[in-house]
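Architecture at a glance
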Amino acid sequence: MTRPSPFGHPFLLGFDEIEQALDRVSKAANDGYPPYNIERLVRTDQEPDRLRITLAVAGFTRDQLDVMLEENQLVVRGRQVDDKERLFLHRGIAARQFQRAFLLADGMEVLGADLSNGLLSIDLARPEPERVVRRIAILERD
């Protein structure tokens, strides 16, 4: 049984990409690792609306992390390799890989990333959109 699309209304034209993006996000949201926060930073006169994504990546070095912007997706990947020379008596911290993707709205800009005390912070800016008003000429046909 398929559920009806909320974007199937005749007044919503050209929103099929949003529906596809929602499907991608819902499929990728199953894994809870690594945990993350998203916060809104205070707007200032010099700075537009900003967001900060903070991921808990304890045990990862900067060389083991990749932050990529792929079209409208911010993708964070972590890769750790097992050190075969170490002999563990107890192994509670696994060397693991992860990929976490965030779908960004059009116009969102990635300002930069910072790794400190096991937390990877990525700052994003949402510039003020331009208000566009345009008159459409009406042609008269005989």
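All of these numbers come straight from a predicted model, not from anything done at the bench.

Comments concerning the overall build of the protein
- Each helix and strand counted, the protein has one helix and seven strands in total.
- Taking all 142 residues of the protein together, 21% fall into the buried category.
- The contacts in the protein between residues at least 6 apart in sequence include a share of 48% that link residues at least 24 apart.
- When the accessible surface of the protein is summed, it comes to about 12,000 Å², and 50% of that surface belongs to carbon and sulfur atoms.

Focus: the packing of aromatic side chains
- This model, assessed by the stated rule, comprises three aromatic pairs.
- Note on Phe60 and Phe98: the rings are 5.3 Å apart at their centroids and 85 degrees apart in plane angle, and the pair reads as edge-to-face. Placement of the pair is Phe60 in the loop between β2 (49–56) and β3 (65–70) and Phe98 in strand β5 (residues 98–103), with a sequence separation of 38 residues. The same class applies to Phe60 as to Phe98, namely buried.

Brief notes about the pattern of salt bridges
- Going through the model one piece at a time under the given rule, you end up with four salt bridges.
- A salt bridge links Arg52 to Asp123; the nearest nitrogen and oxygen atoms lie 2.6 Å apart. Of the two residues, Arg52 sits in strand β2 while Asp123 sits in strand β7 (residues 119–126), which places them 71 residues apart along the sequence.
- Arg91 is the salt-bridge partner of Asp82, the closest N and O atoms lying 2.9 Å from each other.
- Residue Asp82 is classed as partly exposed on the basis of its relative accessible area, which comes to 38%.

Calculation rules
- In every chain, residue numbers begin from 1 and rise along the written sequence.
- Side-chain atom pairs in this predicted model are given and counted only at pLDDT of 80 or more, local residue features only at pLDDT of at least 70, and totals for whole chains, interfaces and linings cover all residues.
- Side-chain descriptors were evaluated using all non-hydrogen atoms of the structure, hydrogens and water having been removed beforehand.
- Segments assigned H or I by DSSP are reported as helices when at least four residues long, segments assigned E as strands when at least two residues long, and all are numbered from the N terminus.
- For each residue, the accessible area found with a 1.4 Å probe, counting protein chains only, is set against the maximum for its type, and the residue is called buried under 20%, exposed over 50%, and partly exposed in between.
- Here, residues are in contact when the closest pair of their heavy atoms is within 4.5 Å.
- A 1.4 Å probe and the Shrake-Rupley method give the accessible areas. Residues count as covered only by the protein chains that appear here.
- Only Phe, Tyr and Trp rings take part, Trp by its six-membered ring, and two of them pair if their centres are within 6.5 Å. Stacked means planes under 30 degrees apart, edge-to-face means over 60, and tilted covers everything else.
- Salt bridges are counted wherever a side-chain nitrogen of Lys or Arg sits within 4 Å of a carboxyl oxygen of Asp or Glu.

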